[in-house]
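# Understanding the architecture of this molecule
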Amino acid sequence: MTALNTLPRTAASAAVVTEFFDRYRAHDVEGMTGLCAINADFSYVPVEVWGKQRVLRGDGKVGTVGKPLWTGLIASFPNLSNTVHSIASNEDGDVVAEVDIEGTQQLAWGLITPAGRHYREPHLFIFHVGPDLLIDSITAYWNDAGISQQLGHNEVD
Amino acid sequence: MTSPVLTRTPTQTVQAFLDAFARHDIDAAIAVADPQVSVTVHPLGLHGTGPDVLRNVLADLLRAFPDLLISVSRVITTGDVVTALFKAEGTQSAGYAGAINQEKHLDIDQAWRFVVSGGLITGVTGYWCQAQLYRRLAVKRYDEIAIA
């Protein structure tokens, strides 16, 4: 991170996020987490699991929700990859990234049984990178129905 | 004399769009779109060009959810890219995205990424989760969306 400290914050924040997706592509979950503040907020907006009395959502902290989610995703999709289409940032540390995530299912993912199918789905990630150049917030939006359908799962769970 | 359109910042342009959309004024929302605006709405599988494409996206939503309430939580400006995070809420009154009307209530978080140039929106990309939308509208299967 030493070299990044010499960059204007707009460029440095974008570089941190670029590195985050590089590490994600390399399945380096520890490295991804290492780019985040210890108490970094996490929200994967489409993630919700409806039970009889409560709804579990993909909200919490990177360390307790994000990290297990990334680890599980990589286990279920061993060739998980990403393609970054655009990164836009500002002097306040906000970074918006358009990213395709893709992979071929080998293990169950949620209620989706593995059928060896491949998915590729556009995601929008919104990061905030603090003055210390650590990510302190990650929010993502995508169409989970698109993933389910590509994997052959047609039930709206 | 400089045109008011050219002096609008990207944030002001998108805010004008969002304000107009929130008050269901489609004409005013479309007025800040470039004639060649690129429109992508991933959950609808929609990729098109021109204000009429955007007009149809807004009109379909307002037709299906006449009491649509748009609550903007954040507007993030990163150069000429402006990203708006908002919640859309409403009660279904007509078919939407293949789902028949069962008078269900919708509340869904969305992110729209705008590109602005010369005071006009030249690109808009909409992100939300269609699984959440169908779940709230009581759709059971993606391959039988119109069957309650």
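To be clear, the structure that these remarks concern was listed above.
Per-chain numbering applies: the sequence of each chain, read as written, is numbered from 1 onward. As they are written, the chains are lettered A onward and the ligands numbered 1 onward, keeping that order. Confidence filtering applies because this is a predicted model: local features only for residues at pLDDT of at least 70, side-chain atom pairs given and counted only at 80 or more, and all residues used for totals across whole chains, interfaces and linings.

### What to know about the interface of chain B and chain A
Rules: A pair of residues counts as a contact when their C-beta atoms, built from backbone coordinates, are separated by no more than 7 Å. Helix and strand definitions follow DSSP, with helices as H or I runs of at least four residues and strands as E runs of at least two, each counted in order from the N terminus. Charged residues are taken to be Asp, Glu, Lys and Arg, nonpolar residues to be Ala, Val, Leu, Ile, Met, Phe, Trp, Tyr, Cys and Pro, and polar residues to be all remaining types, Gly included.
Each side of the interface is counted separately: chain B has 24 residues, and chain A has 21 residues. Broken down by secondary-structure element, the contributors of at least two residues to the side of chain B that touches chain A are strand S3 (69–78), strand S4 (81–91), strand S5 (105–117) and helix H5 (130–136) of chain B. Considered class by class, the residues forming the side of chain B that touches chain A number 11 nonpolar, seven polar and six charged.

### Let's talk about the sheet that holds S5(B)
All names here are of chain B. Condition: Strand pairing is assigned whenever DSSP detects at least two bridges linking the two strands. The axes used here are C-alpha line fits, helices contributing only the stretch in contact, and every angle between their N-to-C directions lies in the interval 0 to 180 degrees.
Across the sheet, which stays open at both edges, the six strands sit in the order S2-S1-S6-S5-S4-S3 with mixed pairing between neighbours. Here the strands that pair on one side only, and so sit at the sheet edges, are strand S2 (46–49) and S3. Mean inter-strand twist for the sheet, computed between neighbouring axes without regard to direction, equals 20°. Looking at chain direction, strand S1 (residues 33–41) and strand S6 (residues 120–127) are connected through five bridges and run parallel.

### Topic: the sheet that holds strand S5 (residues 118–129) of chain A
Residue and element names in this part refer to chain A. Judged by pairing direction, the sheet is mixed, and its six strands sit side by side in the order S2-S1-S6-S5-S4-S3 without closing on themselves. The two strands at the open ends of the sheet, each matched to only one other strand, are strand S2 (55–61) and strand S3 (81–89). Between one strand and the next, the sheet's axes are offset by a mean angle of 20°, whatever the strand orientation. Where strand S1 (residues 36–50) lies against strand S6 (residues 135–142), five bridges are found, and the strand directions are parallel. When the sheet's bridge partners are listed, Cys36 is paired in S6 with Ile135. Sheet contacts for helix H1 (residues 9–25): S3, strand S4 (94–104), S5 and S6; angle to S3, the most-contacted strand, approximately 175°. Relative to S2, helix H3 (residues 62–76) is tilted by about 110°, and along the sheet it contacts S1, S2 and S6.

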